[in-house]
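# Notes for the structure review
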Amino acid sequence: SAKVVLKKVGNSAVIEEKELTAGGGWTTTFTGKPKYEADGTEIKYTVEEKDIPAGYTDVLTGTMANGFTITNTNNEKVNVSVTKAWVGPAKTSAKVVLKKVGNPAVIEEKELTAGGGWTTTFTGKPKYETNGTEIKYTVEEKDVPQGYTASVSGTMASGFTITNTNTEKVNVSVTKAWVGPKKASAKVV
């Protein structure tokens, strides 16, 4: 629920209070209010929300003639941490980017180094879209070094790890030497 109050513009005195709920369509009407002051001037009314919930900001739009809308926006923030792991020789640095799941746009880029412990945190990111859905973030490595593959594990809550695995291949040669009579074949493992 949300409580809204009716006031005269420029006057802090509450004229009437009403409660809005989802069951009532989050709407109400203050009815039967005087249109004029005793001196004949037209009264200008406004509304405001009482006891705005923690973590929200409110914005009032509209007019007395067309109706007012109070929009509550959740302003909670989240932090998204990422750690870099290397399977094979580590490079000098790695660039990682923060994105929303399903959206290719880069929100922010950071560089990780051994001096920084191969870890960073993207801080103060909005928790919710303007339509109220929770944002799901992900991370990617930018410009994966040649000879490496990158895989992402973890979650927003626990933190992400990007593991670079070296894909270089080597050849191992073996020569069989015999001291004494040679056999027809030999298996090497």
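Here's what I pulled together on the structure shown here. (Residues numbered from 1 in each chain as written. Predicted model: local features only at pLDDT ≥ 70, side-chain atom pairs only at ≥ 80, totals over all residues. Heavy atoms only, no water.)

## Some remarks on the sheet that holds strand β9 (residues 119–126)
What counts is decided by this rule: DSSP calls a pair of strands paired once it identifies at least 2 bridges connecting them. A run of H or I in DSSP counts as a helix once it spans at least four residues, and a run of E counts as a strand once it spans at least two, with each numbered from the N terminus. Axis geometry follows a simple rule: fit a line to the C-alpha atoms, using only the stretch in contact for helices, then measure angles between N-to-C directions, giving values from 0 to 180 degrees.
Here four strands make up an open sheet; going across it, the order is β9-β6-β12-β11 and the pairing mixed. Each end of this open sheet is capped by a strand with a single partner; those strands are β9 and β11 (148–155). Averaged over neighbouring strand pairs, the angle between their axes works out to 20° when direction is ignored. With six bridges joining them, strand β6 (residues 77–87) and strand β12 (residues 159–166) adopt parallel strand pairing. For tryptophan 86, the partnering residue across the bridge sits in β12 and is asparagine 164.

## Comments concerning unusual backbone geometry
Operational definition: Think of it in three bands: with a 1.4 Å probe and only protein chains considered, a residue is buried below 20% of the maximum accessible area for its type, exposed above 50%, and partly exposed in between.
Notably, aspartate 51 is not glycine yet its phi reads approximately 55°, a positive angle. As for its placement among the helices and strands, aspartate 51 is situated in the loop between β3 (45–50) and β4 (56–63). You can call aspartate 51 exposed: its relative accessible area is 61%. In the Ramachandran plot, tryptophan 118 falls in the positive-phi region, its phi being about 55° despite a non-glycine side chain. Residue classification places tryptophan 118 among the buried residues on the basis of a relative accessible area of 12%.

## Structural notes on the nonpolar core
As a rule of thumb, soluble globular proteins bury nonpolar side chains together. Test applied: Nine residue types can take part in a nonpolar core, namely buried Ala, Val, Leu, Ile, Met, Phe, Trp, Tyr and Cys, and a core is a set of them joined through side-chain atoms within 4.5 Å. By definition, residues are in contact when any of their heavy atoms lie within 4.5 Å.
The biggest cluster of nonpolar side chains holds 16 residues, and the ones touching the most others in it are Val80, Val82, Val96, Leu98, Phe122, Tyr137 and Val139. Looking at this core, the elements with two or more residues in it are β6, β7 (93–100), β10 (137–142) and β12. Ranked by the residues each element gives to this core, the list is headed by β6, at four residues. With residues near it in sequence (within four places) discarded, phenylalanine 122 still touches Val78, Asn79, Val80, Val82, Val96, Val97, Leu98, Glu108, Glu109, Lys110 and Val139. Membership of the second largest hydrophobic core comes to seven residues, among which are Val4, Phe30, Ile43 and Tyr45.

## Description of the pairing of strand β2 (residues 14–20)
When strand β1 (residues 2–8) meets β2, the two strands line up antiparallel, connected through six bridges. The partner of valine 5 across the bridge, within β2, is glutamate 17. Where β1 folds back onto β2 in an antiparallel hairpin, the turn is made up of five residues, including glycine 10, whose phi is positive at roughly 85°.

## As for the packing of aromatic side chains
Applicable threshold: The criterion for an aromatic pair is that two Phe, Tyr or Trp rings (for Trp, the six-membered ring) have centres within 6.5 Å, with stacked assigned to planes under 30 degrees apart, edge-to-face to planes over 60 apart and tilted to the rest.
Taken as a whole and assessed by the stated rule, the structure comprises two aromatic pairs. When the centroid spacing of 5.5 Å and the interplanar angle of 70° are considered together, the rings of tryptophan 86 and tryptophan 118 count as edge-to-face. With tryptophan 86 in strand β6 and tryptophan 118 in the loop between β8 (106–113) and β9, the pair connects residues that are 32 residues apart, well separated along the chain. Arranged with centres 5.4 Å apart and planes meeting at 85°, the rings of tryptophan 86 and tyrosine 148 form a pair that is edge-to-face. Of the two residues, tryptophan 86 is situated in strand β6 and tyrosine 148 in strand β11; the sequence distance between them amounts to 62 residues. Just as tryptophan 86 is buried, tyrosine 148 falls in that class too.

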